[in-house]
Amino acid sequence: MSPPLRGHELFAGLDGATIADFWRFALPDFKMNNARGYLAEFLVHRAMGSSQSRVEWHSHDVETEDGLRIEVKTSAYLQAWEQRRLSAIKFTGLRSKRWNPRTGYADEETYNAHVYVFAVQTARTHEEYDPLDITQWEFSVLGRPVMERLAQKSMSYSTVRRHAGSSVPYSGLAERIWAADPREETA
């Protein structure tokens, strides 16, 4: 893996354009679904104190130093496009086929993480929306055994909350993730 870019690096032959210029172009608005997803993954990464970089083709989004695999799903009431009403909170792609660079995709979809974090950006008006205000995020957490028992490929927020209990603010996220870690139960 290449060393992480810092933002000041210049493109060769592109008249002073930096990596930060590219980032501003590609991720200008955290209301965009993909950018919001990356931000939620970053928040979980920071909460867990992970030093592992994001790997696009991994079967999970965040990994801790001791190998805890975390899948991060995100949603929001507001989107980057014009809306007539707030979006319903739903999480999709809960199961997937694992990818191996040598053998390709697995035959069957599975739950590939130990813990699933459901992150919701809670602002309900565009005027109050501030994706960098961590108090506007709430998190629900489910361990893989619960996910396997539910056997769903997608879930509404009400289903997640029914099984995860109350959501937690960012300050309680790491503790909730560690509490959901199923690895001790099977060891």
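Residues numbered from 1 in each chain as written. Predicted model: local features only at pLDDT ≥ 70, side-chain atom pairs only at ≥ 80, totals over all residues. Heavy atoms only, no water.

1. Side note on the nonpolar core
Generally speaking, soluble globular proteins have nonpolar side chains that are buried together. Counting residues in each nonpolar core, the largest one holds 19 residues, and the members touching the most others are Val44, Ile70, Val117, Phe139 and Ile177. Going through the elements one at a time, α2 (33-47), β2 (69-76), β6 (115-121), β7 (137-143) and α5 (173-180) are the ones with two or more residues in this core. Residues within four places of Ile70 in sequence aside, it is in contact with Val44, Met48, His60, Asp61, Val62, Thr64, Ala113, Val115, Val117 and Ile177. (Core = buried A, V, L, I, M, F, W, Y, C linked by side-chain atoms within 4.5 Å. Buried < 20%, exposed > 50% of the residue type's maximum accessible area, 1.4 Å probe, protein only. Helix = DSSP H or I, 4+ residues; strand = E, 2+ residues; numbered from the N terminus. Contact = heavy atoms within 4.5 Å.)

2. A short note on the sheet that holds strand β1 (residues 62-63)
Strands sit in the order β1-β2-β6-β7 across an open sheet of 4 strands; the sheet is mixed. Single-partner strands in this sheet number two, and they are β1 and β7. Two elements, β1 and β2, share 2 bridges in a ladder whose sense is antiparallel. Paired with Val62 across the strands is Ile70, a residue of β2. Where α2 meets the sheet, its contacts fall on β1, β2, β6 and β7, and the angle it forms with β2 comes to roughly 135°. Together, β6 and β7 form the strand contacts of helix α4 (residues 157-164), whose direction differs from that of β7 by roughly 65°. (Pairing = 2+ DSSP bridges. Axes fitted to C-alpha atoms, helices over the stretch in contact; angles between N-to-C directions.)

3. Considering the packing of aromatic side chains
By the definition in use, this model includes 5 aromatic pairs. With centroids separated by 6.2 Å and ring planes inclined at 85°, the aromatic side chains of Tyr111 and Tyr116 adopt a geometry described as edge-to-face. For the ring pair Trp137 and Phe139, a centre distance of 6.4 Å and an interplane angle of 15° mean the geometry is stacked. Among the residues examined, Trp137 registers a relative accessible area of 3% and is labelled buried. These aromatic residues form a ring-pair network of at least three members: Phe91, Phe118 and Tyr157. When the ring centre of Tyr129 is taken as origin, the NZ or CZ atom of Lys31, which lies over that ring, is 4.8 Å away. (Phe/Tyr/Trp six-rings, centres within 6.5 Å; stacked < 30°, edge-to-face > 60°. Lys NZ or Arg CZ within 6 Å of the ring centre and 35° of its normal.)

4. Regarding the environment of Arg144
Among the secondary structure elements, Arg144 is positioned in helix α3 (residues 144-150). Sequence separation between Arg144 and Asn112 is 32 residues, and the spatial gap between their C-alpha atoms is 8.1 Å. Sequence-distant contacts of Arg144, that is, excluding residues within four places in its chain, are made with Arg69, Tyr111, Asn112, Ala113, His114, Tyr116 and Pro182.

5. Some thoughts on the pattern of salt bridges
Across all of its chains, the model carries 7 salt bridges by this definition. With a closest N to O distance of 2.9 Å, Arg183 and Asp66 form a salt bridge. With Arg183 in helix α6 (residues 183-186) and Asp66 in the loop between β1 and β2, this residue pair connects regions lying 117 residues apart in the sequence. The shortest N-O distance in the salt bridge between Glu109 and Lys153 comes to 2.9 Å. One end of the pair, Glu109, is in strand β5 (residues 104-110); the other, Lys153, is in the loop between α3 and β8 (155-156), with 44 residues separating them in the sequence. The exposure class of Glu109 is partly exposed, given its relative accessible area of 31%. Put simply, Asp66, Asp181 and Arg183 are held in one network by salt bridges that share partners. (Salt bridge = Lys/Arg side-chain N within 4 Å of Asp/Glu carboxyl O.)

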